[in-house]
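Examining the three-dimensional arrangement
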Amino acid sequence: MKPPGSWRHETVLAAVVVALMVGIGLVNPAFWTLANFFDLLKASVVTGILALGVLIVLISGGIDISFTAIAAFAMYVTCWISVSLGGEGSVLLGLLLAVGMGTGLGLINACFIGGLRLPTLIVTLGTAGVFHGFLLAFIGTEIINTLPPAYVRFSRWQGFRQTLSGGETIGLSVTVLALVAAAVIVGVLLRRTVLGRSIYALGGNPEAAHRIGIRVARVQFLIYGLVGGLAGLAGLIHAVMMRNANPSDLVGTELNVLAAAVLGGASIFGGRGSVAGTLLGVWLIVVLNNSLILLGVPSYWQRVWVGATIVVSTAISARRRSS
Amino acid sequence: MAAGLESPSIPVPEGASPGTPFAALHGLSKRFGGVQALDDVSLQLRAGEIRCLAGENGCGKSTLIKLLSGVLRPDAGRIEIDGDSHERLRPIQAIRLGIQVIYQDFALFPNLSVAENLTLPGLVEQRRFWVNRRSLRPAAAEALANLGVELPLDTTVGGLPVAGQQLVAIARALRQRARLLVLDEPTTALTHKEVEVLLGVLRRLREAGVAILFVSHKTREVLDLADSVSVLRNGRLVAGGAGSDFTPGSLAEALTGRSVGGLSPSPRADLQESDRAGPRIEVSDFSVPGGCSGIHLQVRAGEIVGLAGLLGAGRTALVQGLFGLNPQARGRVRVDGREVTPDSPEAAIGAGLAYVPEDRLSEGLFLNQSIERNIVVSTLRSLRGRWRMLKPAGVRSAAEAGVRQTGVRTQTVTQPVSTLSGGNQQKVLLARWLATGARVLILNRPTAGVDIGAREEIHARLRAFAADGLAILLISDELPELASLSHRVLVMHRGRVAVELEGNAVEEGNLALELDGLA
Amino acid sequence: MKRKTVLTVVSLLALAGALTTGCHERSPVSPPTGSPERKFTIATVVKLDGIAWFNRMREGVERFARETGHDCFQQGPPKADAALQVQIIEDLIAQGVDAICVVPFSVEALEPVLGKARKQGILVVAHEASNLANADLIIEPFDNHAYGAHLMDHLARFMGEQGQFAVFVGSLTSQSHNEWIDGALARQKAEYPKLSLARDRIEEYDDQNTAYQKTLELLKAFPELKGIQGSASTTAAGAGLAVEERGLQNQVSVVGSGLVSQCRQYLESGSVKLISFWDPADAGYVMNRLAVRLLEGRQIGDGEDLGVEGYHALQRDTAKTNLFFGAAWVDVTTNNMAQYNF
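Note that the structure is predicted; figures quoted are calculated from it, not measured.

On to the overall build of chain B, then. Secondary structure summary: chain B contains 17 helices and 20 strands in total. The buried share of chain B, reckoned over its 519 residues, is 54%. Put simply, of all contacts in chain B between residues at least 6 apart along the chain, 68% involve residues at least 24 apart. Carbon and sulfur atoms make up 48% of the accessible area of chain B, which totals about 21900 Å².

So, about the arrangement of the chains. Across the two pairs of chains in contact, the largest number of contacts is found between chains A and C. Across the gap from chain B to chain C, with no contact made, the nearest C-alpha atoms are 14 Å apart.

With 233 residues, the main nonpolar core has Ile49(A), Ile223(A), Leu180(B), Ile139(C), Leu218(C), Tyr311(C) and Val332(C) as its most contacted residues. Looking at this core, the element that brings in the most residues is helix α2 (residues 34–59) of chain A, giving 17 residues. Counting the residues that make up this core, at least three belong to each of domain 1 (9–142 + 279–324) and domain 2 (144–277) of chain C. Filtering out sequence-adjacent residues up to four positions away, Ile223(A) remains in contact with Ile56(A), Val57(A), Ser60(A), Ile199(A) and Leu202(A). Counting 76 residues, the second-largest nonpolar core is a separate cluster that includes Ile281(B), Val335(B), Ala348(B) and Ala471(B).

Bringing the interface of chain C and chain A into the picture now. Every contact between the two is made by 48 residues of chain C and, on the other side, 52 residues of chain A. Breaking the side of chain C that touches chain A down by element, the ones donating at least two residues are α1 (2–21), α2 (52–68), β8 (202–203), α7 (208–221), α8 (233–245) and α9 (260–269) of chain C. Examining the composition of the side of chain C that touches chain A, we find that ten residues originate from one element, α7(C), more than from any other. In terms of residue class, the side of chain C that touches chain A is made up of 21 nonpolar, 13 polar and 14 charged.

Bringing the sheet that holds strand β5 (residues 137–140) of chain C into the picture now. Residue and element names in this part refer to chain C. Strand order in the open sheet formed by seven strands is β2-β1-β3-β4-β5-β13-β12, with mixed pairing between adjacent strands. Whereas interior strands pair on both sides, the edge strands pair on one side only; in this sheet they are β2 (71–75) and β12 (315–316). Relative to strand β13 (residues 323–325), β12 runs antiparallel, the two sharing two bridges. Looking at β13, one finds that Gln315 is bridged to Phe325. On the sheet, helix α10 (residues 280–295) packs against β1 (41–45), β2, β3 (99–102), β4 (123–127) and β5 and is oriented at approximately 155° with respect to β4.

Together, Arg215(A), Arg218(A), Arg96(B) and Arg127(B) make up a positively charged patch on the protein surface. One can find Arg96(B) in helix α2 (residues 91–96). On the basis of relative accessibility, which here comes to 43%, the residue Arg96(B) falls in the partly exposed class.

This part covers the sheet that holds strand β18 (residues 471–475) of chain B. Residue and element names in this part refer to chain B. Taking strand neighbours across the sheet as the criterion, the six strands line up as β16-β17-β18-β13-β19-β20 in an open arrangement whose pairing is mixed. The open sheet has two edge strands, β16 (353–356) and β20 (496–502), and neither has a second partner. On average, adjacent strands in this sheet sit at an angle of 20° to one another, irrespective of strand direction. Here strand β13 (residues 304–309) runs beside strand β19 (residues 488–493); their pairing, made up of five bridges, is parallel. The partner of Gly309 across the bridge, within β19, is Met492.

Residue and element names in this part refer to chain B. Mean pLDDT over chain B works out to 82, with 90% of the residues at or above the 70 mark. At the level of individual helices and strands, chain B shows its lowest average pLDDT in helix α11 (residues 360–364), which scores 61, and its highest in β18, which scores 92. Below a pLDDT of 50 lies the segment residues 1–8, which in the model reaches 15 contacts outside its immediate sequence neighbourhood of four places, other chains included. Note on residues 261–266: pLDDT under 50 across the span, and eight contacts to partners over four residues away in sequence or across chains.

The next thing to look at is the interface of chain B and chain A. The interface is formed by 24 residues belonging to chain B together with 21 residues belonging to chain A. Broken down residue by residue, the surface that chain B buries against chain A is led by Phe109(B), Asn111(B) and Arg133(B), which jointly contribute 25%. Here Glu116(B) makes a salt bridge to Arg197(A), at a shortest N to O gap of 2.5 Å. The interface formed by chain B and chain A includes seven residue pairs in polar contact (both at pLDDT 80 or more). Going through the elements one at a time, α2 and α3 (114–125) of chain B are the ones with two or more residues in the side of chain B that touches chain A. The greatest single-element share of the side of chain B that touches chain A, amounting to five residues, is contributed by α3(B). Class assignment for the residues of the side of chain B that touches chain A results in 17 nonpolar, one polar and six charged.

Parameters at a glance
- Residues numbered from 1 in each chain as written.
- Chains lettered and ligands numbered in written order.
- Predicted model: local features only at pLDDT ≥ 70, side-chain atom pairs only at ≥ 80, totals over all residues.
- Heavy atoms only, no water.
- Helix = DSSP H or I, 4+ residues; strand = E, 2+ residues; numbered from the N terminus.
- Buried < 20%, exposed > 50% of the residue type's maximum accessible area, 1.4 Å probe, protein only.
- Contact = heavy atoms within 4.5 Å.
- Areas by Shrake-Rupley, 256 points an atom, 1.4 Å probe, with all protein chains shown as cover.
- Core = buried A, V, L, I, M, F, W, Y, C linked by side-chain atoms within 4.5 Å.
- Domains from an automatic or database assignment.
- Nonpolar A, V, L, I, M, F, W, Y, C, P; charged D, E, K, R; others polar.
- Pairing = 2+ DSSP bridges.
- Axes fitted to C-alpha atoms, helices over the stretch in contact; angles between N-to-C directions.
- Patch = residues over 30% accessible without salt bridge, like charges linked within 9 Å, V, L, I, M, F, W, Y side chains within 5 Å.
- Salt bridge = Lys/Arg side-chain N within 4 Å of Asp/Glu carboxyl O.
- Lys, Arg positive; Asp, Glu negative; His and termini not counted.
- Charge placed at Lys NZ, Arg CZ, Asp CG, Glu CD.
- pLDDT = per-residue confidence, 0-100.
- Buried area = accessible area lost by both parts, 1.4 Å probe.
- Polar contact = N/O pair within 3.5 Å; in protein donor to acceptor, adjacent residues only side chain to side chain.

This is the structure:
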């Protein structure tokens, strides 16, 4: 039998998640309904896409806290442009625009990090302020409440749609496909490409990465560009889901996203982390946050409950590292 | 690990016929700020030749290696590879030309598997896009087989012992069609047996026509291995020639620039009969789970007892247990006849024990703090004055006394320890422990990474401390060091004391014999 | 390397600072149509510049200036940040304005600087700050308990005076939200015995996404739920989105505070039945009118008429003598939402 110490982090975390879900289901069977799983999946989309971006940065040994500012920026400017253009609008065009804009802002980070070799925390702390400040000061602080009709139609688009006996309709938001696509792309990148393995190598030993001929600056441009692009994607999807674009949304959630990635096994010291683990981390946090009413946790205790569960889950899944 | 040593088949690129010059350095110079790290250095590296580059710490060896591998750009001079002249090399270019460096830190990826560490550089170099995970393992297994070693392919490299990591680094270099293999201080962290394996591998590479640049300050290895020798001091080449042109004495003199009191160390001081009265420290039936078991030993005042053994023999576990670093340690420990329970370092210090750990940088010293603070940190309690505040004057004089006693070479006690050489850092650590009024001094590889001049000095100090009545327990992998310092040597194997050598039997040849017998 | 790092960080921070504090000059005031005996300079300082709510307030301030000829203008920080608001007030003290009308972002953070202003003889009128100490007069659009109770009246009507309902607050520490809910629950107990509260008040952190998620969860946890009363302006939109997505417009009624611009699509789809707010333009207008009256040396008492709908008969607080309430809430349904552009 394998000693517990050699179990993979993801396996332990998955067990914790399953135990938590079984527990919640015992308290309130409404947890195990199709409607609830559709809701939880939809709630995972934005955090999930952001966390995948953070995962890449963490593996490379860096840290990024500007991605929510990038997401807000790309979201707001894209919506502002689409509304200004008038007409039906096109979601595909909007997505391209948001991803492009996010990539551009990510490349600004890359210039400081890969070009000038500055510490990632300091750079992204600075650019987070600059991006969000620029957005509020020069572009707008007003919530855009009316998105183009195509966006609204997209937000209503659901798969597995069905009407329950009480007249209630449920369905799986099509935006979940964006998370699936992002997970597949990041997963293939990290596991199957030389670039992905180079990112792990960079996080494991940056000096050695340089010595075996990995062009570190180039890899960093790719990393931060990609993170920016993912942030742009997440931002626009958030706007579509909310059917408005609020420039103060998303900013401030970066620590939650980082927590999800770290809970999923990514090391803040670099070199370690996986897509599966990150998705599990996101899922755990989403399940926690969206089961408080089902569990009947009093409002005063909700933050305590969420915080305590995260600490306990981390402790359980991190035990093997110390042993 | 060393299976199949007899039939190596090392892949060597076309055109590497022995004797032809592979690389030539012409007048390389490099400055860092006010320091001339390298000054007009020229040398030739031939296929099928082992050249040793000898020099003490800070002589410019690392700079030379970095120029060769393209990590640094020379201020002046050029590098000629296969007759083509280069003003500077880029890392990827150096690799393509067949230059491979095994750094002291091996430049491996601790978070990746052995297989990936072996194969990733090739993929990067060939600008591949996809990784075919299935083809990684056979390729990696082949690389290890070519070297004649076996390692678990799926283990992360961070989980391998140091010697294993080094073999991975060498296997990786060879996979890259190395025509010039540069090894930077490759034996520092290896045990005697492992060094022999390594030297064997290098000799076979020479047969296969690889040019080898072996960087070391250990005269014994240099003379053992080298076809030709170049000696670097203060950034200049000060001596060179065929290996046979040097004797241990002449090489040591070239290295240090002064005549070292003979390479064969001064004979150990004889124990005074009066000191034989009773043991300073007496350990009986001492065990550390997973480390050592059933250990009995005693060290008398004025005695130096060596602990020899292979890596993992339990020596470090034993001394850490004695010093209270492992709460699971069990057994009887008496210091000067009094029973001691070393369940914490504080208790051990209180009982008169001092421990200078193996890795002084990570376990011992606060590098960015001053010499003074490093020396007094274990004795702060005794330096308090009224209201339990530290007395600056007392601290200063305690620190200065420590510096005098151990011979740390420094202007002031306020400069950070990081500005000192390895040998002087080691002395600071010694000073700290002497300040605690220790009666038993435990040292773990005290001269690893310390150059020859400082080593001699540390040896002299240790003898003096013993003569003053300290009992010293010394872990070392350097057989000459053990042989010259120890009155007795305990050879450990698999957590137990396997052999005890005493008196005239404490001698290098015997030690080597005992250790080889255990492997 | 180290120096380069420090330099870059400093310049990045400086740039960020410039972006968030600069470029907010006083807006020009249109020439007055009235001509007062004595012309006062009155500054209105709001929480946040550039958002719809305070843009609307500016309309009221500027209308007052136009009608009376006083020099009235509005300023606010580009970011919701108490320190920036303090800085603006410091500047106004240095300029020597006659009165400051303020909508504090944080009452605690503003106490010292407003105390300083009053020591220098500047009159302070506040809005949405019933617990502020350093003010000559505080004007609230309505009594919080009465406002919450009136929303409950509407909710009960939409629910047919029976069934389960839930209540939201921005946070459990938000004073006004909790007073609204206190008023609502008191009214429900007194008047609507067939209504029952599903669970304790739910926090949504002034975030529409959270309001949306919590509503979805409520609908699953309490399948019999018939009504939701929100407090923060984000609740109505978030809850409305959830109800609309589930197609439950005919089963679940949402009422709450909110703005027409945020809730128009949900009012249209019927997932939000009614929203209520007070008109910031009127609030800006009456703050300035009160400032002028006080500067002219008039006493303000119970029943004071400010000549604006909802502020015709001010009500003085029973405990705090400088705190006054109007009855200035505006209820919006599909019938009248076209009148409002914010």
